Amino acid sequence: MATVHSLKDIKESKLSSKIALAAMLLLPLAGVGCLVFPSYVEEALPLLLGLPMVLTAVSSIVAAIRGRSVDEGRSTLGSAIVMLILGLVVIAHGPDNTLFIGIVWGLLGLVKAAQEFDGIFADIKSHEPFAVSLAVCIFELVLAVLLILNPSANIEHHLLLLGIQLITYPFTLYREHGKLKIEAEA
């Protein structure tokens, strides 16, 4: 999947990577909608989430296939295929699947947290600062677990948690040359 660290990376990336990133950045907008207008967003949630997931996945698959490095496509192609399938399932389930969507995004959040923990452990091994990354990772992990646990308890509460998860999902904190940076990944 496409990863950018700066505006320069966006300008230099291929069209398929730009489309994947733009589609993934629609998810935080859906997250804001979940926070501000939860009752209105609930009906449109399958399209608000499913379409960006499908667009991101298809664009990432095209970018991985067109990439010159076999190793470059290896780590992203599988993730893109899973994202495509989940996006299609979210759309196919229709407007009555808010609980399913919350559980799916909770599981995606757990996978993302696992990857971030790997980076944190690498920082610990290399004696790099890791407290901020660890705090953000734990926050995302707690959100993911809350989305999975008892999703039918209160749909408005569930949509608020989902909104926060969607806002943070495309972004990852990382450390480069001792400086804390943020990247967006699609």
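Parameters at a glance
Residues numbered from 1 in each chain as written. Predicted model: local features only at pLDDT ≥ 70, side-chain atom pairs only at ≥ 80, totals over all residues. Heavy atoms only, no water. Helix = DSSP H or I, 4+ residues; strand = E, 2+ residues; numbered from the N terminus. Expected span 1.5 Å × (residues − 1). Bend = angle between axes of the 7 residues up to and from the residue. Buried < 20%, exposed > 50% of the residue type's maximum accessible area, 1.4 Å probe, protein only. Axes fitted to C-alpha atoms, helices over the stretch in contact; angles between N-to-C directions. Parallel < 35°, antiparallel > 145°, perpendicular 65-115°, else oblique. Left-handed = near helix turned anticlockwise from the far one by under 90°. Contact = heavy atoms within 4.5 Å. Nonpolar A, V, L, I, M, F, W, Y, C, P; charged D, E, K, R; others polar. Salt bridge = Lys/Arg side-chain N within 4 Å of Asp/Glu carboxyl O.

Chemist: Break down helix α4 (residues 38-66) for me, citing the residues and quoting the values.
Modeler: Here α4 is 29 residues long and its end C-alpha atoms lie 39 Å apart, about the 42 Å a rise of 1.5 Å per residue gives. Along α4, the largest kink reaches about 70 degrees and is centred on Ala44; proline Pro46 follows within four residues of it.

Chemist: Residue-level account of the environment of Pro129, with values.
Modeler: Within the element layout of this structure, Pro129 appears in the loop between α6 (98-125) and α7 (131-148). The class for Pro129 is partly exposed, based on a relative accessible area of 45%. Spatially, the C-alpha atom of Pro129 lies 9.3 Å from that of Lys179, the residues being 50 residues apart in sequence.

Chemist: Lay out the packing of α4 against α6 with the relevant residues and their values.
Modeler: Relative placement of two packed helices is described by the angle separating their axes and the distance separating the axes. For the pair α4 and α6, interaxial distance at closest approach is 10 Å and the crossing angle is 40 degrees. For the element pair α4 / α6, the angle class is oblique. Handedness of the crossing formed by α4 with α6: left-handed. Where α4 abuts α6, its residues Glu42, Leu45, Pro46, Leu49 and Met53 lie against Thr98, Ile101 and Trp105. Taken together, the residues that form the contact of α4 with α6 break down as six nonpolar, one polar and one charged.

Chemist: Kindly report on the pattern of salt bridges, identifying the contributing residues and their values.
Modeler: When charged atoms on two side chains of opposite charge get close, those side chains can pair. For the coordinates displayed, the defined rule picks out two salt bridges. One salt bridge in this structure joins Lys112 and Glu116, with 3.5 Å as the shortest N-O distance. Residue Lys112 and its partner Glu116 are both found in helix α6; the two are separated by four residues, about one turn of the helix. Judged by relative accessible area, which is 9%, Lys112 ranks as buried. The shortest N-O distance in the salt bridge between Glu140 and Lys112 comes to 3.1 Å. One end of the pair, Glu140, is in helix α7; the other, Lys112, is in helix α6, with 28 residues separating them in the sequence. The two residues Glu140 and Lys112 agree in class, both being buried. A cluster of three or more residues bridged by salt bridges with shared partners is formed by Lys112, Glu116 and Glu140.

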